[in-house]
Amino acid sequence: MEEFIGRNLVWIVLAVLLLFVARLTIRIVPQADKFVIERFGRLHKVLGPGLNVITPFLDRVAHKISILERQLPVSRQDAITADNVLVQVETSVFYRIIEPEKTVYRIRDIDGAITTTVAGVVRAEIGMMDLDEVQSNRARLMAKIHSSLASVVDDWGIEVTRAELLDVNLDDATRSAMLQQLNAERARRAQVTEAEGLKRAVELRADADLYAAEQQAKARRISADAEAYATGVVAAAIRENGLEAAQYQVALKQVEALGEVAKGAGKQTIILPADAISAFGDAFKLLKGRG
């Protein structure tokens, strides 16, 4: 065994050396990482995912950077609105590294730098908005934070994927004042709604009265037209048949009136005028003549 090792020692040393060199030469980069390679202390290149080859003893892996999306811890910063209201804003930022060589050599604490930048942008934007705008235009504020961060962090080799405005907190005094204002606004809306309802009811009632008056006027006009037509028919009959037709109509009305009186319930005493008998006689003669 010793003779074999002594005879093949050189080959064994060469094999071990080759394995060592191969280990230094071949670099397998995971899918979610990038490797920053330095040569003699200077940036040489960036290795992407997969199998890569570098120069042994000259190149070394200086930094292993994850390119997965990251979320910064929730940060809180105070800001003053344009109407002098102090608010506390909670934000969260999502980003990922797309150029590791810039992130490594241009900024030391990337998370701290982004947090500071977000705080400055939030204070500047909220300072130009009233409290009501801050509460109602969160989407606009988030879009502004995102665009402002994108223009700043480009030199750091990162991409801001999302900027979330989680909450806007107020102090107790401001919150109480806003609650009173909200209750007053609700009461005002209720009164306005009630007043509009009463107004509408009055309008509908007036429309109903107007419609009823129009219908009554139409009924009276129709009745007057009918009466005029009847009068015209009687007048035409008198013109054609003379006085006999008029007497016939009078006698007919008298008979109809006495018939209505006779329909009454119970015992009744009917007083007839002195000429009623003669009127009946004339009427029956005229009726007989008409028949």
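Here's a quick rundown of the structure. A quick note: this is a predicted structure, and the numbers were derived from the prediction, not measured. (Residues numbered from 1 in each chain as written. Predicted model: local features only at pLDDT ≥ 70, side-chain atom pairs only at ≥ 80, totals over all residues. Heavy atoms only, no water.)

### Examining the packing of aromatic side chains
For clarity, the cut-off: A pair of aromatic rings is counted whenever rings of Phe, Tyr or Trp (Trp by its six-membered ring) have centres within 6.5 Å, and the orientation is called stacked for planes under 30 degrees apart, edge-to-face for over 60 and tilted otherwise. Helix and strand assignments come from DSSP, with helices taken as H or I runs of at least 4 residues and strands as E runs of at least 2, each series counted from the N terminus. Charge-over-ring placement is defined geometrically: NZ (Lys) or CZ (Arg) within 6 Å of the ring centre, and within 35 degrees of the ring normal.
Applying the stated criterion across every chain, the model contains one aromatic pair. When the ring of Phe20 is compared with that of Phe57, the centres are 6.3 Å apart and the planes differ by 45°; the resulting orientation is tilted. Of this pair, Phe20 sits in helix H1 (residues 2-25) while Phe57 sits in the loop between strand E4 (50-53) and strand E5 (59-66); the two residues are 37 residues apart in sequence, bridging distant segments of the chain. In this arrangement the basic side chain of Arg162 is found over the ring face of Phe94, its NZ or CZ atom lying 4.0 Å from the centre.

### Digging into helix H3 (residues 110-126)
Using the following cut-off: Each helix should span, by expectation, one fewer than its residue count multiplied by 1.5 Å. Only protein chains enter the area calculation, which uses a 1.4 Å probe; residues under 20% of their type maximum are buried, those over 50% are exposed, and those in between are partly exposed. Throughout, a contact is declared for two residues whenever any of their heavy atoms are within 4.5 Å.
An ideal rise of 1.5 Å per residue puts 24 Å on 17 residues; H3 measures up with 24 Å between its terminal C-alpha atoms. For H3, every residue scored as buried is listed here: Ile110, Ala113, Ile114, Thr117, Val118, Ala119, Val121, Val122, Glu125 and Ile126. Tucked inside the fold, the buried residues of H3 contact strand E7 (75-80), strand E8 (86-97), helix H4 (131-136), helix H5 (138-153) and strand E9 (158-170).

### Let's talk about a nonpolar patch on the surface
Spelled out, the test is: Only residues whose relative accessible area exceeds 30% and that form no salt bridge enter a patch; like-charged residues are grouped when within 9 Å of one another, and nonpolar side chains (Val, Leu, Ile, Met, Phe, Trp, Tyr) when within 5 Å. We get accessible surface area from the Shrake-Rupley algorithm with a probe of 1.4 Å; when it comes to residues, only the shown protein chains can shield them. Every case where a carboxyl oxygen of Asp or Glu lies within 4 Å of a side-chain nitrogen of Lys or Arg is listed as a salt bridge.
Together, Val10, Trp11, Leu14, Leu17, Phe20 and Phe57 make up an exposed nonpolar region whose accessible area comes to about 680 Å². Position of Leu17 among the secondary structure elements: in helix H1.

### Points about the sheet that holds strand E3 (residues 42-47)
Basically, it comes down to this: Strand pairing is assigned whenever DSSP identifies at least 2 bridges connecting the two strands. Every axis in this analysis is a line fitted to C-alpha atoms, fitted for helices over the stretch in contact. Angles between the N-to-C directions lie between 0 and 180 degrees.
Read from one edge of the open sheet, three strands run E3-E2-E5, paired in antiparallel fashion. Looking at the sheet topology across the chains shown, the edges are occupied by E3 and E5. With direction set aside, neighbouring strand axes in the sheet form an average angle of 30°. Note that strand E2 (residues 33-39) and E5 share seven bridges and pair antiparallel. From the neighbouring strand, Phe35 faces E5, where its bridge partner is Lys64.

### Points about the pattern of salt bridges
Across all of its chains, the model carries nine salt bridges by this definition. Glu185 is paired through a salt bridge with Arg188; the nearest N and O atoms lie 2.6 Å apart. Residue Glu185 and its partner Arg188 are located together in helix H6 (residues 172-241), separated by three residues, close to a single helical turn. A relative accessible area of 26% places Glu185 in the partly exposed class. Across the salt bridge formed by Arg200 and Glu203, the nearest N and O atoms sit 3.4 Å from each other.

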